Amino acid sequence: MVHHDQWVYLEDWLGLKRVGELEPKPGIPPTPGHLAALKQRLAREPARVILRAAYMDLRPAQWLSEQTGIPVAVLPFTVGGAPGADDLYGLFDVTLARLHQALQ
Amino acid sequence: MNWGAFDLGVLLPAFAAGLLVLSTHLPLGRQVLARGIIFRDLAAAQMAGLGVIAAEALGFHGGDWQVQLAAGASALIGAAILHGLERCWPQIQEALIGVAFVLTVTASLLAVADHPHGGEQIKALLAGQILWVGWRQLAVVAVLYAGLLLVHALRPAGVVFYLVFAVAVTASVQLVGVYLVFATLILPALAVRGLDPPTALVRGYLIGALGYAVGLAVSAALDLPSGPAIVWALAVLALAGAGRRRLFGCDGWAGGRP
């Protein structure tokens, strides 16, 4: 489950399956219908984690987590995006560690 | 028509957020209207928004207390400046408030100029996203607003008005965005202009609550973003609620007031 469709390479690399997006059109707020459909889909095929980039608004992912009980993983997205992600190695280490932590 | 879109878990917190914002903004809006300083609320809402954006540009995030502090502080400073302007230059205060508004908006743009997602941040604060509110956030704002309404009831004038206004708007801007804050403040108050306090408040609250309910229902039924839909629903209901007298009779054609 993702906020924006921005994790294509990560999903491909780790074999993650994307169930849906919170904001399909960046910049345009989602409609109640979209969010209701998302909740229905998650009830059918539950996702294990909601991915959010550290720089993005925290409310959408938090909202969905409150509604569904699915944990949020805040990923650095790019070098400098989170403490520890100071270079390319750190970026991958922190990303994997946080994914792992959320999936526990 | 998509009945699946009417998910109360999605719509109810948003409606509650609307009622909360309405609770403080109707009495404040009536006062803004009575003083003839309509632009003031837009300027104040923008100033609170500027504080949020500036704090985020410094690397803090929405939920951090630093962001709330920055938003509150910039709204209070803004309130002090607006109050000063009103005292010093009453004749040109509307113009000065307009200037303060445009300076605040452009300051936000300057603050996020080198931020790759700055545009999204600014848009998010203007259009807001009423659907993202959670019950916990609403509980905090409810306690805050109860305090504000009490203070407002005890001392509705002078510098206290600006303080109450600044704090109320700081919370509501982050809850529902600048556009909905402006609409909630002005439209129900306009609809009940000239009525006496008890009737005016009851009618204003009814019009506002109905506006939020209809706007949310329309946005669910027609698959539209909720914030903009509510703004339009509020406008239509305010017009209808204003009644025949105001719809078909104007105050005075061309220069009724200087």
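Only a predicted model underlies this, so the values are computations on that prediction, with no experimental measurement involved.

Visitor: Provide a residue-level description of the side chain of Thr31(A), including the pertinent values.
Guide: Relative to the elements of secondary structure, Thr31(A) occurs in the loop between helix H1 (8-14) and helix H2 (32-44). Contact partners of Thr31(A), with chain neighbours within four places excluded, come to Leu131(B), Asp223(B), Leu224(B) and Pro225(B).

Visitor: I'd love a proper account of the interface of chain B and chain A, names of residues and values included.
Guide: Facing the 29 residues of chain B at the interface are 25 residues of chain A. Contact between chain B and chain A buries roughly 2,200 Å² in total, counting both sides, with carbon and sulfur atoms accounting for 58%. Taken as a group, Val10(B), Glu120(B) and Trp132(B) account for 30% of the area that chain B buries against chain A, more than any other trio of residues on that side. Our count for the contact surface shared by chain B and chain A stands at 2 salt bridges. At the boundary of chain B with chain A, the tally comes to 7 residue pairs in polar contact (both at pLDDT 80 or more). Looking at the side of chain B that touches chain A residue by residue, the class counts come to 11 nonpolar, 13 polar and 5 charged.

Visitor: How would you summarise the nonpolar core if you had to cite specific residues and measurements?
Guide: The biggest cluster of nonpolar side chains holds 80 residues, and the ones touching the most others in it are Met1(A), Leu22(A), Ile130(B), Phe165(B), Leu175(B) and Val176(B). Counting residues per element, this core draws most heavily on helix H7 (residues 158-176) of chain B, which supplies 12 residues. Discounting residues that sit within four places of it in the chain, Val176(B) has contacts with Ala17(B), Val21(B), Ala127(B), Gly128(B), Gln129(B), Ile130(B) and Val181(B). Within the second largest apolar cluster, 11 residues are counted, among which are Val2(A), Ala53(A), Met56(A) and Leu75(A).

Visitor: Can you break down the packing of helix H2 (residues 38-57) of chain B against helix H3 (residues 65-88) of chain B residue by residue, with the values?
Guide: Residue and element names in this part refer to chain B. H3 packs onto H2 with a crossing angle of 145° between their chain directions and a minimal axis gap of 7 Å. For the crossing formed where H2 meets H3, the hand is right-handed. Within the contact between the two elements, H2 uses Arg-40, Ala-44, Met-47, Ala-48, Gly-51, Val-52 and Ala-55 and H3 uses Gln-66, Val-67, Ala-70, Ala-71, Ser-74, Ala-75, Gly-78, Leu-82 and Glu-86. Looking at the contact of H2 with H3 residue by residue, the classes come out as 10 nonpolar, 4 polar and 2 charged.

Visitor: Describe the pairing of strand E1 (residues 50-53) of chain A, and please don't skip the residues or the numbers.
Guide: Residues and elements named next belong to chain A. Residues Ile-50 and Arg-52 line one face of E1 and the alternating positions Leu-51 and Ala-53 line the opposite face, and both faces are buried. Relative to strand E2 (residues 72-75), E1 is paired through 4 bridges, and the arrangement is parallel. Residue pairing in the sheet places Ile-50 in a bridge with Val-72 of E2.

Visitor: Any details on the confidence of the model for chain A? Residues and values, ideally.
Guide: When pLDDT is averaged along chain A, the result is 80; 98% of the residues meet or exceed 70. Mean pLDDT values for the elements of chain A range from 77 in H1(A) up to 87 in H2(A).

Visitor: Can you break down the pairing of E2(A) residue by residue, with the values?
Guide: On E2(A), burial follows the alternation: Ala73(A) and Leu75(A) on one face are buried, whereas Val72(A) and Val74(A) on the facing-out side are not. Chirality of the crossover, the property in question, places the unit of E1(A), helix H3 (residues 59-68) of chain A and E2(A) among those that are right-handed.

Visitor: Can you tell me about the packing of aromatic side chains, naming the residues and giving the values?
Guide: Here a ring pair, both rings aromatic, is described through the centre-centre distance and the interplanar angle of the planes. Residues and elements named next belong to chain B. In the structure shown here, the tally under the stated rule is 2 aromatic pairs over all chains. Note on Phe-161 and Phe-165: the rings are 5.8 Å apart at their centroids and 50° apart in plane angle, and the pair reads as tilted. Of this pair, Phe-161 and Phe-165 both sit in helix H7, 4 residues apart, roughly one helical turn. Here Phe-161 falls in the buried class, since its relative accessible area comes to 1%.

Conventions and cut-offs
Residues numbered from 1 in each chain as written. Chains lettered and ligands numbered in written order. Predicted model: local features only at pLDDT ≥ 70, side-chain atom pairs only at ≥ 80, totals over all residues. Heavy atoms only, no water. Helix = DSSP H or I, 4+ residues; strand = E, 2+ residues; numbered from the N terminus. Contact = heavy atoms within 4.5 Å. Buried area = accessible area lost by both parts, 1.4 Å probe. Salt bridge = Lys/Arg side-chain N within 4 Å of Asp/Glu carboxyl O. Polar contact = N/O pair within 3.5 Å; in protein donor to acceptor, adjacent residues only side chain to side chain. Nonpolar A, V, L, I, M, F, W, Y, C, P; charged D, E, K, R; others polar. Core = buried A, V, L, I, M, F, W, Y, C linked by side-chain atoms within 4.5 Å. Buried < 20%, exposed > 50% of the residue type's maximum accessible area, 1.4 Å probe, protein only. Axes fitted to C-alpha atoms, helices over the stretch in contact; angles between N-to-C directions. Left-handed = near helix turned anticlockwise from the far one by under 90°. Pairing = 2+ DSSP bridges. pLDDT = per-residue confidence, 0-100. Right-handed = clockwise from strand over helix to strand, strands pointing away. Phe/Tyr/Trp six-rings, centres within 6.5 Å; stacked < 30°, edge-to-face > 60°.

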